[in-house]
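Residue-level listing of the chains:
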Amino acid sequence: MSSDEKDTRDDSIEDTGRYRIGFFTRTTQLLSQYGIETHGIVPVPAEERLDTRWYQLFFIWFSPCMNMAAFSTGTAGPAFFSLGVRDSIVIIVIVNLVSCLLPGFFAVFGPKLGLRAMVQARFSWGYFGAIIPAILNVFSLEGFLILNCIVGGQMLASLSSHIDDTLGIIIIAIISLVVTFCGYRVIHWYESVAWIPNAIAFIAMLAVGYPQLHENLSAPVPPVTPANVISFASFLASNIVGWCPIISDYGVYHSPDVSSARIFIYTYLGFFVSNVIGQALGAAFAAAAPSVPAWSAGFEDSSSVGGLFYSILLPTGAFGKILTVLVALGMSCACAPTMYTFCNSFMAITTRFSVVPRWVYILVSEGVLIPVAIIGAKKFYNTFVDILDIVGYWSSVFSAIILTEHILFRRASFSEDQYPITTWNSYTLLPSGIPAVVAFACACGALVPFMSQAWYVGVVARHGSGDVGVFVGFVVGAITHALARGFEKLWYKKMGKA
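Residues numbered from 1 in each chain as written. Predicted model: local features only at pLDDT ≥ 70, side-chain atom pairs only at ≥ 80, totals over all residues. Heavy atoms only, no water.

(A) Expanded view of the environment of S63. In this fold, S63 is placed in helix α2 (residues 56-65). Considered as a pair, S63 and A134 are 71 residues apart in the sequence and their alpha carbons are 25 Å apart. Excluding residues that lie within four positions of it along the chain, S63 makes contacts with E191, A194, W195 and C333. (Helix = DSSP H or I, 4+ residues; strand = E, 2+ residues; numbered from the N terminus. Contact = heavy atoms within 4.5 Å.)

See below:
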């Protein structure tokens, strides 16, 4: 190749790169003119954190959980783990009482620091170490999106023979894209009203199905095994812990001038109330479905939660159809925050990714979501349980490391001394992240023998312990990080480093 040809090719490549950057910039500027959020993952300064609508910190989690997602989770007790309605509800209440503490804690980081979840993780995982949870979060959130679209799609498909799961999934995915595209403030507004149709639908279901539910309380149930109880508890905990890596994204524009307790309480109640109501109803109706022919037919051998929902409301006629449509379309309230943080997590992987506008990642998510959800819909429960438990495994370890770092090594303080925000993108000024990575590896290795999945059962789980991998991962992660980080600080002190 001649030097002239090489220069021409280099100029062409440079012009192409310049054009792409220019296109992104022009499109982003155009979107911002219409009020669409274009802020990336750069920390939000204190002078821009002015929002004092604290009720939003309740509804941003109440709406995504007060819907068919929580209902579906509850149905797994009787349908997948062979538990009776009483046992299922007791487990639901106890597990949520404890596990909802974690998202309540993580919610405080958003207003206090103005950092997105995967950026805040750098203050314990280090710049390079934080790439691990960021990548895992991208895959996990896409998994949640797939599940939510499957549920909504099945509900729409249950209304008419002219609509199948595929069309229903596409409709839910498009609505989610539109809401997410508008950004943070629109998502908060949407979540403050999206719960209303779901609440009406749940009340109507109770009114219509109460006689059958009451009759089912005296029906015989299979013997309860410790393994099933523990596995269902782990499944429920995974559902809650899986939110921890996204929580702080939804408080970064709220004022830091409020007590941590207030932020915690709003968030805790948002999760606890919605999950207990939704999951308890799901467990009750799934347990009664086999004894009610219409419900059983709608449930389709425990594979169609949407079909069960519509079959319960069938006696209400047109009113039931309207409610089913609204609740199905309302699945987007669970998809929107998930898709939004999918984009933030993608941007947090590397600096190069962070310069790509959020709307590009929204389109990427949509392109993956629709085909995979269509395939996953063919076998709903196996897909649901496998994804939720896998997310729960790594999320529990991640949560343990962040919690340990904040309490033991940041003195539970959000001051500039403990979290120097200006260093958020500097790998030389951030922690090394080695203790977090070591703790993560040790915890993941420790939980493997305790796993119990359709595709793998660990050595310990085979002896009837049930799936306790989520709990083991959390404990080992916390202990290992505390020891490794303590050793690192002693080493730095000995070497004369800060």
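(B) Representation of the nonpolar core. With 134 residues, the main nonpolar core has M68, F71, F106, W125, F285, W295 and F309 as its most contacted residues. Sequence-distant contacts of M68, defined by excluding residues within four places in its chain, comprise V151, M155, V305, F309, V327 and M331. If you look at the next biggest cluster of nonpolar residues, it comprises 12 residues, including F81, F235, A237 and A283. (Core = buried A, V, L, I, M, F, W, Y, C linked by side-chain atoms within 4.5 Å. Buried < 20%, exposed > 50% of the residue type's maximum accessible area, 1.4 Å probe, protein only.)

(C) Representation of the packing of aromatic side chains in the model. Following the criterion strictly, the structure yields 39 aromatic pairs and no others. Look at F71 and F309: their rings are 6.2 Å apart centre to centre, the planes differ by 85°, and that puts the pair in the edge-to-face class. Of this pair, F71 sits in helix α3 (residues 68-81) while F309 sits in helix α16 (residues 305-313), placing them 238 residues apart in sequence. A relative accessible area of 0% means that F71 is categorised as buried. Note on F309: relative accessible area 0%, which makes it buried. For the ring pair Y250 and Y340, a centre distance of 5.6 Å and an interplane angle of 50° mean the geometry is tilted. With Y250 in the loop between α13 (226-241) and α14 (260-288) and Y340 in helix α18 (residues 332-347), this residue pair connects regions lying 90 residues apart in the sequence. Since its relative accessible area comes to 2%, Y250 is described here as buried. Put simply, the rings of F105, F106, F109, F123, W125, W394, F398, F414, Y419 and F440 touch in pairs and so form one group of aromatic residues. One Lys or Arg, R410, reaches over the ring of Y419 and ends 5.2 Å from the middle of that ring. (Phe/Tyr/Trp six-rings, centres within 6.5 Å; stacked < 30°, edge-to-face > 60°. Lys NZ or Arg CZ within 6 Å of the ring centre and 35° of its normal.)

(D) Representation of the layout of surface pockets within the structure. There is about 370 Å³ of room inside the second largest pocket. Around the second largest pocket sit 23 residues that line it, and P78, L83, A286, A287 and P290 are the ones nearest its centre. Taken together, the elements giving at least two residues each to the lining of the second largest pocket come down to α3, α4 (85-99), α14 and α15 (293-299). The element that contributes the greatest number of residues to the lining of the second largest pocket is α4, accounting for three residues. (1 Å grid on protein atoms, 1.4 Å probe; cavity = no way out; pocket = protein on both sides within 12 Å on 5 of 7 lines; lining within 4 Å. Points joined across faces, edges and corners; volume = space filled by probe spheres on them.)

(E) Representation of the pattern of salt bridges. Inspection of every chain in the model, using the stated rule, returns four salt bridges. For D51, the salt bridge goes to R53, with nearest N and O atoms at 2.9 Å. A relative accessible area of 39% means that R53 is categorised as partly exposed. Ionic pairing is found between R485 and E488, a salt bridge with its closest N-O pair at 2.8 Å. Placement of the pair is R485 and E488 together in helix α23 (residues 469-495), with a separation of three residues, close to one helical turn. Side by side, R485 and E488 carry an identical accessibility label, which is buried. (Salt bridge = Lys/Arg side-chain N within 4 Å of Asp/Glu carboxyl O.)

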